[in-house]
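Architecture and fold: a report
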Amino acid sequence: MVGMERPEEIVQGTQSLARAFSVLDAVADGNGDLASIGKAIGTSRSTTHRLVSFLQRTGFVRQMDGRGYVLGARLIELGAVALAQMPLTTVARPLLERLSQQTGDTIHLSVRDGDEIIYVDKISGNKGLEMRSRVGLRKPIAITGTGKAQMLDLPEKEWGRLYSLAQMVVLSDEMPPPGFLAWEDYVSAMRAYRALGYTMEIEENEASICCVAAPIRGARGEIVAGLSVASTLPYMTRQRLEALAPVVRSCADDISRELGFVGRRAS
């Protein structure tokens, strides 16, 4: 039939698309030349060159002197559009700015993506400190404050699975965060957090970084995001974390109401 693709053409097109995405992932991971990109995605030099050339022509990668291939401006454009099309970030931003002014600390907003969280907004604090977190960064959900906030409604069996995945990442790190908890302490803390409606993270994700976080709910009552206030140990003592908890939770509740949530808990 005229205009219909044969099954083999569909498969070939899907493979090419998958390889193109793999190139973008490889470049994002710091592979800046054809040899390292090809090694990362498992393609020959000619295939790698063809894929990179296509992505370069279309603006998804570009070549910089001294750095090789880097992600291109087209991805920045699409990323900005993706964020703009996410109602959460549009609704939350004014409230995040208000929270930032109230606390003077770094504000994070994240959403769950599989077994990880991805930061979708960040406002740096005014204390001259900078954290490794950035918009677009992924982290195991079980070791971040905003991630744990998004786990509060989950059964303990799922807590265990997500904790085990995070543990594998932490143990593979040359310098694991000093606050990573043993399972018994972790589950005990999570039970307490579920009753309180907020979570804390004390050097579980990054050395010297502490935060207090709260869940954000959608119109149906489901947790759709996590919000946190973070700073370094000298500025974020246990006492201050506890003092900030109602402030963070109030901001998360305000965002939840803007998203259509009318209660306090999911039914």
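Residues numbered from 1 in each chain as written. Predicted model: local features only at pLDDT ≥ 70, side-chain atom pairs only at ≥ 80, totals over all residues. Heavy atoms only, no water.

1. Points about the UniProt feature "domain: HTH iclR-type" (unreviewed entry) in the protein
Here is the rule: UniProt positions are given in the numbering used here, feature names are shortened, and annotations may be inferred rather than shown by experiment. Here a helix means four or more residues in a row that DSSP labels H or I, a strand means two or more in a row labelled E, and each is numbered from the N terminus.
Sites flagged by UniProt as "domain: HTH iclR-type" (unreviewed entry) map to residues 14–73. What you have in residues 14–73 is 62% helix and 13% strand, and the ends, taken at the C-alpha atoms, are 24 Å apart.

2. Considering the packing of aromatic side chains
Where two aromatic rings form a pair, the distance of their centres and the angle of their planes describe that pair. Filter applied, for reference: Between the rings of Phe, Tyr and Trp (Trp by its six-membered ring), a pair exists once the centres lie within 6.5 Å; its type follows the angle of the planes, with under 30 degrees stacked, over 60 edge-to-face, and the other angles tilted. Accessibility here uses a 1.4 Å probe with only protein chains present; expressed as a share of the type maximum, an area under 20% marks a residue as buried, one over 50% as exposed, and anything in between as partly exposed.
Scanning the entire structure with this criterion turns up 4 aromatic pairs. Seen in terms of ring centroids, Tyr 163 and Trp 183 are 5.2 Å apart; in terms of plane orientation they differ by 55°. Their pairing is tilted. Taken together, the residues span a long stretch of sequence, with Tyr 163 in helix H7 (residues 156–172) and Trp 183 in helix H8 (residues 183–196) at a distance of 20 residues. Its relative accessible area of 29% is what places Trp 183 among the partly exposed residues. Plain terms: the ring middles of Tyr 163 and Tyr 186 are 5.0 Å apart, the flat faces sit at 50° to each other, and that makes the pair tilted. With a gap of 23 residues between them, Tyr 163 in helix H7 and Tyr 186 in helix H8 connect regions that are remote in the sequence. Note on accessibility: Tyr 163 and Tyr 186 belong to one class, buried. These aromatic residues form a ring-pair network of at least three members: Tyr 163, Phe 180, Trp 183 and Tyr 186.

3. So, the nonpolar core
The line we're drawing: Within this scheme, the nonpolar core is defined by two criteria: the residues are buried Ala, Val, Leu, Ile, Met, Phe, Trp, Tyr or Cys, and they are joined through side-chain atoms within 4.5 Å.
The biggest cluster of nonpolar side chains holds 48 residues, and the ones touching the most others in it are Met 151, Val 212, Leu 227 and Ile 255. When residues of this core are traced back to their parent elements, those giving at least two are helix H5 (87–103), strand E3 (106–113), strand E4 (116–123), H7, H8, strand E7 (209–217), strand E8 (223–232) and helix H9 (238–258). The element that contributes the greatest number of residues to this core is H9, accounting for 7 residues.

4. A few points about unusual backbone geometry
Phi is positive for Glu 203, close to 60°, though the residue is something other than glycine. Following the sequence through the fold, Glu 203 ends up in the loop between strand E6 (199–202) and E7. For Ser 208, which is not glycine, the phi dihedral falls at a positive 75°.

5. Here we look at the sheet that holds E6
Definition in use: Here, strands pair whenever DSSP counts at least two bridges between them. Fitted lines through C-alpha atoms serve as axes, helices being fitted only where they are in contact, and the angles separating the N-to-C directions of these axes extend from 0 to 180 degrees. Only heavy atoms enter the contact rule, under which two residues are in contact if any of them lie within 4.5 Å.
One open sheet accounts for 6 strands, arranged E5-E4-E3-E8-E7-E6; its pairing is antiparallel. This sheet does not close on itself; its edge strands, each paired only once, are strand E5 (138–140) and E6. Neighbouring strand axes in the sheet, compared pairwise and without regard to direction, differ in orientation by 30° on average. As defined by bridge partners, E3 adjoins E8 across 5 bridges and the pair is classed as antiparallel. Residue Ile 107 lies in a different strand from E8, and its bridge partner there is Val 229. Helix-sheet contacts for H5 involve E3, E4, E7 and E8, and the interaxial angle to E3 is about 150°.

6. Section: the pairing of strand E2 (residues 68–71)
Judged from the 4 bridges that link them, strand E1 (residues 61–64) and E2 form a sheet pairing that is antiparallel. Note on E2: the bridge partner recorded for Arg 62 is Val 70. Between E1 and E2, which pair antiparallel in sequence order, lie 3 residues; one of them, Gly 66, sits at a positive phi of approximately 85°.

7. Some points on the environment of Thr 199
To keep it simple, the criterion reads: Two N or O atoms count as a polar contact when they lie within 3.5 Å, although within protein this holds only if one can serve as hydrogen donor and the other as acceptor, and sequence-adjacent residues are included solely when both atoms are side-chain atoms.
Looking at the secondary structure, you find Thr 199 in strand E6. Separated by 72 residues in the primary sequence, Thr 199 and Lys 127 have C-alpha atoms spaced 23 Å apart. Leave out the neighbours within four places in its chain, and Thr 199 touches Gly 145, Lys 148, Ala 149, Leu 152, Tyr 193, Cys 211, Val 212 and Ala 213. A distance of 2.9 Å separates a polar atom in the side chain of Thr 199 from the backbone oxygen of Gly 145.

8. A word on the pattern of salt bridges
The test is simple: The rule for a salt bridge is simple: a side-chain nitrogen of Lys or Arg has to be within 4 Å of a carboxyl oxygen of Asp or Glu.
Across all of its chains, the model carries 17 salt bridges by this definition. For Asp 254, the salt bridge is made with Arg 98, and the minimal N-O distance between the two is 2.7 Å. Remark: Arg 98 occurs in helix H5 and Asp 254 occurs in helix H9; sequence separation between them is 156 residues. Taking the relative accessible area as the measure of exposure, Arg 98 reaches 37% and is therefore partly exposed. The partner of Arg 112 in a salt bridge is Asp 115, and the shortest N-O contact between them spans 3.8 Å. A cluster of three or more residues bridged by salt bridges with shared partners is formed by Arg 112, Asp 115, Glu 158 and Arg 161.

9. A closer look at the state of the cysteines
We apply this condition: Two cysteine sulfurs form what is called a disulfide whenever their separation falls within 2.5 Å.
Enumeration over the complete set of coordinates arrives at 0 disulfides. Looking at Cys 211, it has no disulfide partner, and the nearest cysteine sulfur is the one in Cys 210, 8.0 Å off. For Cys 211, a relative accessible area of 4% puts it in the buried group. Cys 211 provides the cysteine sulfur closest to Cys 251, a residue in no disulfide bond, and the two sulfurs are 14 Å apart. You can call Cys 251 buried: its relative accessible area is 2%.

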